[in-house]
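A look at the structure
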Amino acid sequence: MFQPTYPIRTARLVLRPVTIDDLDDVYAFQRRPDVVRWMLGAEPRTREQSRVSVLAMAGEDAWRAEGDCLTVAVVTDAGVIGIVELVWRSRLERTAELGFVFHPDHCGRGLATEAATAVLGWGFTEFGLHRVYGRCHCRNTASARLMARLGMRQEARHVESYLFQGEWADQLVFAILAREWPAGTSTSHGGMRR
């Protein structure tokens, strides 16, 4: 099992596993049309749907096997303001996929960048990832800007690569390598740490 040492603390945030006690805060952003707008197949959630979502995320506190999702709640004095996840895509290639969702009321202050930086830092320095990538709809400019702020480069634009709300849509792919992660924070070992 591979797991960060919780809580992960940054200058302004605490990142920790999701718990059922986070339901009210998570529901506050999962029910908003502007939050789920770019999520494939997602619609604003009912409270019960958010409860199911929170229970699922509560079990995603570590990587036990390839394909697992590590999900952390991003917490401020205002409560849980967002979620950052890292999906273990390949053990052999030491690759993961970054995902995130934040309450719009807390955007524009660099909190999402701070949280995602901490999660990527764990992936590169503690787990020994080689590459992390992220994907978004081509019109999801907020997500594209966040990935660029993290130092991820746009590697591809997959033209009309998936159906989104009944129409063909382009998908942007961003990525960063361990050697590109800020100097002094990436690991040079070739394996993973427990």
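Residues numbered from 1 in each chain as written. Predicted model: local features only at pLDDT ≥ 70, side-chain atom pairs only at ≥ 80, totals over all residues. Heavy atoms only, no water.

A few points about the pattern of salt bridges
Following the criterion strictly, the structure yields 13 salt bridges and no others. The partner of Glu48 in a salt bridge is Arg51, and the shortest N-O contact between them spans 2.8 Å. A residue pair is termed a helical-turn pair when its members lie 3 or 4 positions apart in one helix, as Glu48 and Arg51 do in helix H3 (residues 47–58) at 3 residues. Among the ionic pairs, Asp61 bridges to Arg64, the shortest N-O distance being 2.9 Å. For Asp61, a relative accessible area of 18% gives the class buried. Ionic contacts of the salt-bridge type, sharing partners, join the residues Arg131, Arg153, Glu155 and Glu180 into one network. (Salt bridge = Lys/Arg side-chain N within 4 Å of Asp/Glu carboxyl O. Helix = DSSP H or I, 4+ residues; strand = E, 2+ residues; numbered from the N terminus. Buried < 20%, exposed > 50% of the residue type's maximum accessible area, 1.4 Å probe, protein only.)

Section: the layout of surface pockets
Estimates place the volume of the largest pocket at around 1,500 Å³. If you go around the largest pocket, you meet 50 residues; those closest to its centre are Met39, Phe100, Val101, Asn140 and Ser143. Within the residue set of the lining of the largest pocket, elements represented by two or more residues are helix H1 (23–30), helix H2 (33–36), H3, strand S4 (79–90), strand S5 (95–102), helix H4 (111–127), strand S6 (131–137) and helix H5 (141–149). Of the residues assigned to the lining of the largest pocket, the class counts are 25 nonpolar, 13 polar and 12 charged. (1 Å grid on protein atoms, 1.4 Å probe; cavity = no way out; pocket = protein on both sides within 12 Å on 5 of 7 lines; lining within 4 Å. Points joined across faces, edges and corners; volume = space filled by probe spheres on them. Nonpolar A, V, L, I, M, F, W, Y, C, P; charged D, E, K, R; others polar.)

Let's talk about the pairing of strand S7 (residues 153–164)
In terms of strand pairing, S7 meets strand S8 (residues 167–177) through 8 bridges, oriented antiparallel. Across the sheet, Ala156 pairs through a bridge with Val173, a residue of S8. (Pairing = 2+ DSSP bridges.)

Comments concerning the nonpolar core
Ranked by internal contacts, the top residues of the largest apolar core, which has 39 residues, are Leu15, Trp63, Leu86, Leu98 and Val132. Of all the secondary-structure elements, those providing two or more residues to this core are strand S3 (69–76), S4, S5, H4, S6, H5 and S8. Top element by residues in this core is H4. It accounts for 10 residues. Grouped together as the second largest cluster of nonpolar side chains are 12 residues, Val54, Val75, Val80 and Ile83 included. (Core = buried A, V, L, I, M, F, W, Y, C linked by side-chain atoms within 4.5 Å.)

By themselves these figures say nothing about function.
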